Amino acid sequence: MAIDVTAAIAANRFGLGARPGDLAPIGTDARGWLRAQLHGGAPQLQSDALQSTEQILAGAEPILRERREARQAGNADAAAVAKVAMRLPQYLRPIYVNDARAWVHAALLSNRPFAERLVHFWSNHFAVSIDKQAVLGIAGSFEREAIRPHVMGRFGDMLLAVETHPAMLLYLDNQQSVGPNSMLAQRAAQRGRTLGLNENLAREILELHTLGVDAGYTQIDVTSFAKVLTGWSLGGGQGRLASGPAGTFVFRPEVHEPGVQTVARKRYAQADQAQGIAVLGDLAVAAPTARHIATKLARHFIADDPPAAPVERIARAFERSGGDLPAVYAAVIDSPEAWDSANVKFKTPQDYLFSLGRGLALPPESEARVVSAFDLLGQRAFAPGSPAGWPDRSSDWDGASALMKRIELSDAVAQKLSDQRDAAQLAPQLLGGTLSAATRESIARAASPAQALTLLLTAPEFLRR
Amino acid sequence: MFSHRPPRSDHAPDPLRQRLLERRRFLQLGLATGGSVLAARYAFAAPAVTDARFVFIILRGALDGLSAVPPYGDPDYARLREQLAIGAPGSAGGALALDGHFGLNPGLPFVHEAYGAGEALILHAVATPYRERSHFDGQDVLENGLSRAHASQIGWLNRAVAGLPAGAAHGAELGVALGQNVPLVLRGPAPIASWSPSKLPDIDDDTLQRIADRYASDPLLSHRLGDALATDRIAAESASAIDEPAAMAAAEATNMSAAAAAGAAAARPGVGRYLETVRTAAGFLKREDGPAVAVFDTTGWDTHYNEGGGQGQLTQRLSALDGALRALKESLGATWSRTTVLIATEFGRTAAANGTRGTDHGTAAAALLLGGAVRGGRVVCDWPGLSARALYEGRDLKPTMDLRSVIKTVLRDHLQISTRTLDTQVFPDGTVPYAADLIRA
């Protein structure tokens, strides 16, 4: 029996939920099944229909130009201006939907669901959110270009890919930040205009992406780091900052703050972009970063408030390997605490919908409906609403209204599918050794196949992982 | 293989069974009377503990207090703010007049009317005890009521409602969160409901009964399901009880002010969603046996870039909030006179504009008390000024008032929570003084 529990934990807590037939091959080697997923390279998305950030933002250029011209022409015709303003979301929204569907497709069908969950973990760690229109079209390409290639690589490489990606630069406003003593700022000053810093990206890199909020850095560190990052920008655009191909990272020396900077007690004398690369290189392997990442992984895979011992072990694996991520994941898999007891984490809507889709083997044509179900359950795809990402504690997701919506959704799905899915047969296949006698009995005594399926999808052990 | 015998429901804990029963009666009544369910009172099913109502609106992302309540009379304001400065009343895109020194952002016409009617109290240079600049820790302190982030998983408003006269013995929900989940400020042992609009079809009673039976051995799930059943019923009742003309007027007012803030239609925050939220909140709060407190969140206040002055992005967002507040007053009807609304944020923003026509994370901000119970028509603040020497760490508006003292005073004078509970349970860190005369006697 205990063996069954580990297979279900591997598939449901570490993976994205068991599909019918998944648990048997995992068998008694749950850890081996997870470790095998760390090989096989980057978990990339397979789809010809997806565009690169460069393609997407290049396609936006004519629309942006038109919008600028309409604005410059004055507000004489407000309706015309508003119509032009709508063209950008009209262009970006289908791109977003396309990416969201490909993302759901991969989650529902992946044979490396642990690797896929790690992609989601890192996308959420380095969160961008489509409620800022600038990233509406490129949140998906950001995950494909900056996260996926490095999920089985080194943390430092992912960090650099993220902080130079147009989506992050736009999301945290860095493309507009200007060194107060840069060439451009001096020229502007002669014309009586002040240009200067925007410290948003620098602060969130320190607080959220690397060291963590309690690591002891100061406001002075934030300001200095913001100066280091001036000039980190992207191509395309308009006016004073136009240059380079649209949608690619561009370093703009005329915007960069010259001179030596001190960040977290270390001097950085490098010129231009090399200065920022050096700071990120140090942050990526700093001890507080290791602890910050270890705590988040332990919260995700072990418990809302993880015990100290596994956090310590995972952090050591991070430090010893210099941020080699498969070594870090291995430390998570090897933590006995992660296998201690079943069903400790209340599923997020994302966890819930992926496990439901996998468990019921939903056909590809339902992917669009899964995307809209994210909205209904309060976790719209690529829209965490804050650079901190979605919260990862049960109390953030287990509200009364949230539970009721899961129940209503389960029921609606069950009404549709109950003639093709047998809950009594599915239950042990999805929940393995974590299936309780009470749930088994409630399914067996159900008044209809649809009701039986609803009872499976709303069972306490299916609501948790 | 499917039994047709109804499952035994005597496993379900009593409150949950009670609610299922009430739901059934509610549905039957709805059918019997052609949808009119006004006669029925199911409710939070317990005697009221107070008739005072308190609403907390959290502005997540750090509201720029110097734009929401511009101190246009301060000699340093225009210089620091450059294009973001909001000018004196009467100037183009200028402030709405308050007291000759402070004005209100032009996106806040309803708040301005309420100020004129003595129902809006403006607080400035106010902050929680948090002195760093992380949104997420700042919001944690705003909600946990202590002096450090992550010091408690129980919010101050949960501790407060537990201290309502007879609150602990009340047994039914004392507060409601308008959202799918409960924000930290309301989390804790005192029972709290949450509600959000659902587009999903209703589930049949028998299935729900069986789910409830299955949850009988799971305290968290049975508790949550019970809460959901109670709030869904009340929301359905209030939806049918909405005063249509008032709702229409509210919608119109909101749309008008939002339309006035022209351009960027696509980026306009969800005015419509605010409206549904505040109307439902009002539906809960109006009930004699309803919850005493309600909380809802708004986001999008993190204006690092292109914040704008009297007609920019921030003004549009404020305008959406203003429309929601107007709708709240109209939906509350007579209950407005017994209501206090607190609007606050985790911290303010830099005194000076940053290099990208926005502002970065700062310290003190403005807060607002609104409602018929408020002794308003005043700006309450010990203004520290904006000179280089006066700024906190040379960059932010200096806090001269602790937000906890405002909250404490409202909880004492409005919700009648004892000072002993407030000083030992709700805000146990340090001895924060009470403020004077925030609430009408």
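Here the structure is a predicted model, which is why all the values come from computation and not from measurement. (Residues numbered from 1 in each chain as written. Chains lettered and ligands numbered in written order. Predicted model: local features only at pLDDT ≥ 70, side-chain atom pairs only at ≥ 80, totals over all residues.)

### Comments concerning the overall build of chain B
Broken down by element type, chain B carries 13 helices and 11 strands. Residue burial in chain B is summarised as follows: out of 441 residues, 58% are buried. Pairs at least 24 apart in sequence give 74% of the contacts found in chain B among residues at least 6 apart. (Helix = DSSP H or I, 4+ residues; strand = E, 2+ residues; numbered from the N terminus. Buried ≥ 20, exposed ≤ 12 C-beta atoms within 10 Å, placed from the backbone. Contact = placed C-beta atoms within 7 Å.)

### Thoughts on the overall build of chain A
The helix and strand inventory of chain A stands at 23 helices and 4 strands. Computed over the C-alpha atoms, the radius of gyration of chain A is 24 Å, within 12% of the 23 Å expected from 2.2 N^0.38 for a compact globule of 465 residues. Referenced to the eigenvectors of the C-alpha coordinate spread, the extents of chain A come out at roughly 80 × 55 × 40 Å. Sequence separation of 24 or more characterises 72% of the internal contacts of chain A that already satisfy a separation of 6 or more. (Rg over C-alpha atoms; globule rule 2.2 N^0.38 Å.)

### Re the domain arrangement of chain A
Quoted interface sizes are often the accessible area lost when the parts come together. Residue and element names in this part refer to chain A. Entries for chain A in the domain assignment read domain 1 (53–154), domain 2 (174–285) and domain 3 (349–463). Placing the centre of domain 1 and that of domain 3 at their C-alpha centroids yields a distance of 28 Å. Taken together, the contact pairs 16 residues of domain 1 with 19 residues of domain 3. Among the secondary structure elements, those contributing two or more residues to the side of domain 1 that touches domain 3 are helix 5 (78–109), helix 6 (113–125) and helix 7 (139–147). Here the element with the most residues in the side of domain 1 that touches domain 3 is helix 5; it accounts for 8 residues. Of the residues that constitute the side of domain 1 that touches domain 3, the class distribution is 9 nonpolar, 5 polar and 2 charged. (Domains from an automatic or database assignment. Nonpolar A, V, L, I, M, F, W, Y, C, P; charged D, E, K, R; others polar.)

### Focus: the interface of chain B and chain A
On the chain A side, the residues contacting the 56 residues of chain B number 58 residues. Among the secondary structure elements, those contributing two or more residues to the side of chain B that touches chain A are helix 5 (135–144), strand 6 (192–195), helix 7 (205–214) and helix 8 (219–241) of chain B. Of all the elements, helix 8 of chain B adds the most residues to the side of chain B that touches chain A, at 8 residues. Classifying every residue of the side of chain B that touches chain A by side-chain character gives 22 nonpolar, 20 polar and 14 charged.

### Focus: the nonpolar core
Ranked by internal contacts, the top residues of the largest apolar core, which has 263 residues, are I314 and L456 of chain A together with L123, V295 and A367 of chain B. If you tally residues by element for this core, the top one is helix 5 of chain A, at 10 residues. Look past the residues within four positions of L456 of chain A in its chain and what remains in contact with it is A423, L426, A427, I443 and F462 of chain A. (Core = buried A, V, L, I, M, F, W, Y, C linked by C-beta atoms within 7 Å.)

### Considering the packing of helix 12 (residues 403–413) of chain B against helix 13 (residues 419–426) of chain B
Residues and elements named next belong to chain B. At their nearest, the axes of helix 12 and helix 13 sit 9 Å apart, and the two run at 140° to each other. As helix 12 packs across helix 13, the resulting crossing turns out to be right-handed. Counted together, K408, L411 and R412 of helix 12 and T419, L422 and V426 of helix 13 form the full contact between these two elements. Of the residues belonging to the contact of helix 12 with helix 13, the class tally is 3 nonpolar, 1 polar and 2 charged. (Axes fitted to C-alpha atoms, helices over the stretch in contact; angles between N-to-C directions. Left-handed = near helix turned anticlockwise from the far one by under 90°.)

### A look at helix 7 of chain A
All names here are of chain A. Most of helix 7 is tucked away, with 8 of its 9 residues classed as buried. Listed in full, the buried residues belonging to helix 7 are A139, G140, S141, F142, E143, R144, A146 and I147. For helix 7, the secondary structure elements touched by its buried residues are helix 4 (53–72), helix 5, helix 6, helix 8 (155–163) and helix 9 (166–171).

### Examining the environment of P166 of chain A
All names here are of chain A. Here P166 is to be found in helix 9. A residue is classified by how many C-beta atoms lie within 10 Å of it, and P166, with 28 of them, is buried. Separated by 27 residues in the primary sequence, P166 and R193 place their C-alpha atoms 26 Å from one another. Excluding residues within four positions of it along the chain, P166 makes contact with T53, L57, I138, L234, G247 and F249.

### Some thoughts on the environment of Y274 of chain B
Residue and element names in this part refer to chain B. Relative to the elements of secondary structure, Y274 occurs in helix 10 (residues 271–286). Accessibility expressed as a C-beta count within 10 Å gives 22 for Y274, which makes it buried. With 53 residues separating them along the chain, Y274 and A327 place their C-alpha atoms 9.1 Å apart. Ignoring sequence-local partners within four residues, the contact set of Y274 consists of A320 and A324.

### Digging into the confidence of the model for chain B
All names here are of chain B. Mean pLDDT for chain B: 83, with 80% of residues reaching 70 or above. The low-confidence segment residues 28–47, where pLDDT is below 50, has 28 contacts with residues more than four positions distant or belonging to other chains. Contacts of residues 242–270 to residues separated by more than four positions or lying in other chains number 50 contacts, the stretch itself having pLDDT below 50. As a predicted assembly, this complex carries a pTM of 0.83 together with an ipTM value of 0.92. (pLDDT = per-residue confidence, 0-100.)

### Focus on unusual backbone geometry
Not every positive phi belongs to a glycine, and D272 of chain A is a case in point at roughly 50°. Among the secondary structure elements, D272 of chain A is positioned in helix 13 (residues 272–285). A positive phi angle, near 55°, is found at N306 of chain B, a position not held by glycine. Examined against the element boundaries, N306 of chain B turns out to sit in the loop between strand 7 (293–298) and helix 11 (313–332). Taking the number of C-beta atoms within 10 Å as the measure of exposure, N306 of chain B has 15 and is therefore partly exposed.

### Looking at the pairing of strand 1 (residues 53–59) of chain B
Residues and elements named next belong to chain B. Of all 7 residues in strand 1, 7 are buried; the element is thus mostly enclosed. Taken together, the 7 bridges between strand 1 and strand 8 (residues 339–345) define a ladder with parallel strand orientation. Bridge pairing links I57 to I343 in strand 8. Relative to strand 7, strand 1 runs parallel, the two being bridged by 6 bridges. Residue pairing for strand 7: V55 is matched across the bridge by A294. (Pairing = 2+ DSSP bridges.)

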